Amino acid sequence: MNKRILTISAAGCILAALSMAEVLHPSGPITKQGETYLVKAGGKTVAVTPINRDIFRITTIPSGKERLDIPKSQAAVLAPAQGGAIASVTPDEFMLTSSTTIVRVNRRTGKTVFTDLAGDTLLSEASGVCNAKDTKNISFAPIGKENYYGAGERGHSLRLNGDTLVMYNRQNYGYTAGDPRITQMGITIPYFASDRGYGVLFDDYNASTLHLGDRITYTSDTPLPLSYYFINGNGTLAGTTGNYTLLTGRQNLPPFWALGYITSKYGYHNQQEALGAVDSLKTRGYPLDGIVFDLYWYGVEKDMGRLAWSKEQFPDHRKMLDSLNAMGVNTILISQPYVNKNGAIDNYNLLSSKGMLARDSEGNTHDVSTWVGDAGMLDISNPDTREWLWNRLKPLTAEGLAGWWGDLGEPEVHPLTIMHANGQTASQYHNVYGNEWSRLIYEGMRKDFPDIRPMLLMRGGTAGLQRYSVFPWTTDVSRSWGGLQPQVNLMLNSGLSGLGYMGSDIGGFAVDPAHPYDPELYVRWIEAGVFSPVLRTHAQFHPEPYHYPAQENIIRRFIRMRYEWLPYNYTLAYENTTKGFPLARPLNFTGGSDDRLANVQDEYLWGSEILVAPVLNKGARSRKVIFPEGEWINWNDTRLRYKGGSTATVQAPLGTLPLFVKAGSFVPQYMQPISNVTEYDPSKLTVKYFPTREETSYTLFEDNRKDPESIENGHYRLTTFKGWQNGEETVVTIDSEGSYEGMPARQTISLEITGIKSPKKVTGGEWEYDAKTRTLRVEVVFCGDSVCVSAV
């Protein structure tokens, strides 16, 4: 017998609580199929599934169809949790109420409204989900003033209001700011986030459009029924991003070396050239942790798809890999979705004969015209193709690779006349191709190389791409000031779409033959690149820093600076894995009342503590900076302070990156000189503290920097620093919990407290005071027990 419970609402109405199977109260049938509630209204059935207290899936079953038949989601990996919401019904509406959200379905029209617990509307359907026709659509009528972000890799603007965004991955060679092409790039994601603290994911990867105007409309010609997920971020972009990544999957901890410096070019033609570049970097004092090999590792351009080392150009590649690994330099190789009919004809013939290349409607191999000649296209939807490809990549990986570069993965050439083995057309499969290609390599590496944290450089895909350890980049950007300028937008919108490690070809890839060399541009790109998720130089011409001898002291200082920030950046990686937060964040990420922050396109937060304002214009030696809420201290001159909400012109000569730290912050640094991350010694840290009268805290993450499952297995330590000022006294406490294999028994922490008067008494360690910078340095020996430092 089904159990029914009556509850009394706050208004005193009798509500029929729904449970188990079918409820017929009060005026029509409402049924439950699994965790989904089916509400008949407006000539259709509205299906509402609570995923958790903040996330709800909505779709419709057209009139005449009796059952809910929604395919498994590609994007969403979070299963519905039982008991996340209480269902109730009145004659007018069906309601689901969680601890944060109320979902209301009008029983006459079928329209759905989402409110917070106070009853304030967050989002309201206009016509809702229409699954009755060949062209499916979903529409909303937004409530109130708000700003939209996300949608994947969008570079034309940070704020997306008023845009009609095409969801169809596209490569844009040599793009610059103002180029209309950069509204649509290599990773398009049918998702938007509002700064009112909610987001919507459309559960689709078909070619489609999203209009973000007075009415929000999503339109797709997918043959599958459309659904969407409403995501309550509880008032902030931070909460929305966290819940979006909870729904679509979060990225594992990165390889520690991926936070160092990586050299790359188009391309290292042979073994001598590659080793020579590494030797030049090391001889000139650059730390280095990675090298990326472009297409010449397998021969020349027309050999695309050979997937074998060129014996002529790399006569002893195993010795080269062993030498690189011995120097702490990790290797990544390029691969593409195409098998050329010239240089890779043996692979082409084999794959074509077995039906493993993309085919036409009659089942014949469908050749494509790429920039290196006619080729076949790997049909990643075919399980046989996937097996063959991994069987080629696996032995190459076993020789000492740290990951793979998947280029042209939009896919760059994907004729609409292609039919894939899974029955989907090119337009239906196009956007998800990059996800499936990434998944193939990621799952292969995790299975066959379980001790490696893989690094996959990919530039194509859609929602959920981050769960495959992908480190995307903003494709073939122009080497120009116009190429540098949209990189902040691209990084921020990608980060709000789950892609926390979006980077760029630092220095600019696509070189203008008339202006191939611009040292000032290179320096400014390096400055900004130190505070981007991946510091990887890459270009057609002169990508390495030693090609800029007059600026080399500046460049070397900044690349070494990247290593000083390793403990801070690794903690950001921990936040990305556990909370879904991107490393780079818009100024309004955590909310606030300053509307001017909604579309700041040339500044960003690096974590919660740091404000970065890169110089993006040729010849500029100063720039205006707008400051979010709080008090901000100039990192380069700590005597300079700025109030939140203010705007100031700051000096920025070449070699100075405008950088600011929020008052109250703790910032861990690694100040020991190292040539790569294998020399990182966690027993020696510097922690900078910028005190305020309010108590503030910071938690540092540490593990052995190798274990792919250290978080899942609890093999890590969290060290929490707390500080405050009480009158003339400044107090800092240090506590830790957890442990990991290889953890140092003692940790020497150089605690630098900036902005205080010369103390008369300091307890907790040996100390010295710098009157010029008003900085107290206390050396603390931390053995895992609580420590308290006091300066009066």
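Look up: the structure comes first, before these words.
Residues numbered from 1 in each chain as written. Predicted model: local features only at pLDDT ≥ 70, side-chain atom pairs only at ≥ 80, totals over all residues. Heavy atoms only, no water.

Asks: Where do I start with the side chain of Ser157 in this structure?
Replies: Structurally, the position occupied by Ser157 is in the loop between β14 (148–152) and β15 (164–167). Only 2.7 Å separates the side chain of Ser157 from the backbone oxygen of Arg159, close enough to count as a polar contact. (Helix = DSSP H or I, 4+ residues; strand = E, 2+ residues; numbered from the N terminus. Polar contact = N/O pair within 3.5 Å; in protein donor to acceptor, adjacent residues only side chain to side chain.)

Asks: Just to check I follow, could you spell out the pairing of strand β38 (residues 666–669) for this structure?
Replies: Looking along a regular strand, one sees the side chains alternate between the two faces of the sheet. Here β38 shows no split at all, with Phe666 and Pro668 on one side and Val667 and Gln669 on the other all buried. Taken together, the four bridges between β38 and strand β39 (residues 684–689) define a ladder with antiparallel strand orientation. Within the sheet, the bridge partner assigned to Gln669 lies in β39 and is Thr686. (Buried < 20%, exposed > 50% of the residue type's maximum accessible area, 1.4 Å probe, protein only. Pairing = 2+ DSSP bridges.)

Asks: Explain helix α10 (residues 519–529) here, please?
Replies: Every α-helix winds through 3.6 residues per turn, so residues three or four apart in the chain are directed the same way. Of all 11 residues in α10, 11 are buried, a share of seventy percent or more. Among the residues making up α10, those that are buried are Pro519, Glu520, Leu521, Tyr522, Val523, Arg524, Trp525, Ile526, Glu527, Ala528 and Gly529. Its buried side turned inward, α10 meets α8 (481–484), α9 (487–495), β29 (535–537), α11 (552–564) and β31 (604–606). (Contact = heavy atoms within 4.5 Å.)

Asks: Teacher, can you tell me more about the nonpolar core here?
Replies: The nonpolar side chains of a soluble globular protein tend to be buried, and buried together. Within the largest apolar cluster, 185 residues are counted, with the highest numbers of intra-cluster contacts made by Phe293, Trp297, Trp404, Ile441, Phe531 and Trp606. Residues contacting Phe531, with those up to four places away along its chain left out, are Met561, Arg562, Trp565, Tyr604, Trp606, Val612, Leu657 and Leu659. One finds Tyr37, Val89, Phe140 and Phe192 within the second-largest nonpolar core, a separate group that totals 36 residues. (Core = buried A, V, L, I, M, F, W, Y, C linked by side-chain atoms within 4.5 Å.)

Asks: Just checking my understanding: could you explain the side chain of Asn493 for this structure?
Replies: Turning to its location among the elements, Asn493 is positioned in helix α9. Residue classification places Asn493 among the buried residues on the basis of a relative accessible area of 0%. A distance of 3.3 Å separates a polar side-chain atom of Asn493 from the backbone oxygen of Leu158.

Asks: Looking at this model, I keep getting lost on the packing of aromatic side chains. Mind explaining?
Replies: A ring pair, where both rings are aromatic, is described by two values, the distance of the centres and the angle of the planes. Throughout the structure, instances matching the rule amount to 47 aromatic pairs. Measuring from centroid to centroid gives 5.8 Å for Trp405 and Trp473, while their planes differ by 80°, and the two rings are edge-to-face. Placement of Trp405 in strand β27 (residues 403–406) and of Trp473 in the loop between β28 (455–458) and α8 is noted, with a sequence separation of 68 residues between them. Aromatic ring contacts, followed pair by pair, group Phe114, Phe140, Tyr148, Phe192, Tyr198, Phe202, Tyr218, Tyr228 and Phe230 into a single cluster. (Phe/Tyr/Trp six-rings, centres within 6.5 Å; stacked < 30°, edge-to-face > 60°.)

Asks: Hey, could you run me through helix α12 (residues 566–579) in this one?
Replies: Taking 1.5 Å per residue, 14 residues should reach 20 Å; α12 reaches 19 Å between its end C-alpha atoms and fits that length. For α12, a buried count of 12 out of 14 residues is recorded, marking the element as mostly surrounded by other parts of the structure. Taken as a whole, α12 has its buried residues at Leu566, Pro567, Tyr568, Asn569, Tyr570, Thr571, Leu572, Ala573, Tyr574, Glu575, Asn576 and Thr577. Backbone geometry just after α12 places Gly580 at a positive phi near 85°. (Expected span 1.5 Å × (residues − 1).)

Asks: What exactly am I supposed to notice about the pattern of salt bridges here?
Replies: Proximity of charged atoms lets side chains of opposite charge pair with each other. Under the definition given, this model contains 35 salt bridges. Between Arg104 and Glu93 there is a salt bridge, and its shortest N-O distance comes to 2.6 Å. A residue pair is termed long-range when its members are at least 10 positions apart, and Arg104 in strand β10 (residues 101–106) and Glu93 in strand β9 (residues 93–97) qualify at 11 residues. A salt bridge links Arg284 to Glu552, with the shortest nitrogen-to-oxygen separation between them at 3.0 Å. Linking Arg284 in the loop between α2 (271–283) and β22 (290–293) with Glu552 in helix α11, this pair joins segments that are 268 residues apart in sequence. (Salt bridge = Lys/Arg side-chain N within 4 Å of Asp/Glu carboxyl O.)

Asks: Help me understand the sheet that holds strand β44 (residues 762–763), please; the structure alone is not making it clear to me.
Replies: The strands that make up a sheet are held in pairs by hydrogen bonds between backbone atoms, and each pair lies either parallel or antiparallel. With antiparallel pairing, the five strands of this open sheet are ordered in space as β40-β41-β42-β47-β44. A strand with exactly one partner marks an edge of an open sheet, and here the two such strands are β40 (696–702) and β44. Where strand β42 (residues 729–739) and strand β47 (residues 787–791) come together, five bridges link them in antiparallel fashion. Residue Thr733 lies in a different strand from β47, and its bridge partner there is Cys788. Along the sheet face, α12 touches β40 and β41 (716–726) and points at about 85° away from the line of β40. (Axes fitted to C-alpha atoms, helices over the stretch in contact; angles between N-to-C directions.)

Asks: Just to check I follow, could you spell out the packing of helix α5 (residues 383–398) against helix α7 (residues 433–448) for this structure?
Replies: How two helices sit against one another is set out by the angle between their axes and by the gap between those axes. It is the contact of α5 with α7, at a shortest axis distance of 10 Å, that shows an interaxial angle of 50°. In terms of orientation, α5 lies oblique with respect to α7. You can see that α5 and α7 cross each other, and the crossing is right-handed. Contacts between α5 and α7 involve Arg386, Leu389, Trp390, Leu393, Lys394 and Thr397 from the former and Glu436, Trp437, Arg439, Leu440, Ile441, Gly444, Met445 and Asp448 from the latter. (Parallel < 35°, antiparallel > 145°, perpendicular 65-115°, else oblique. Left-handed = near helix turned anticlockwise from the far one by under 90°.)

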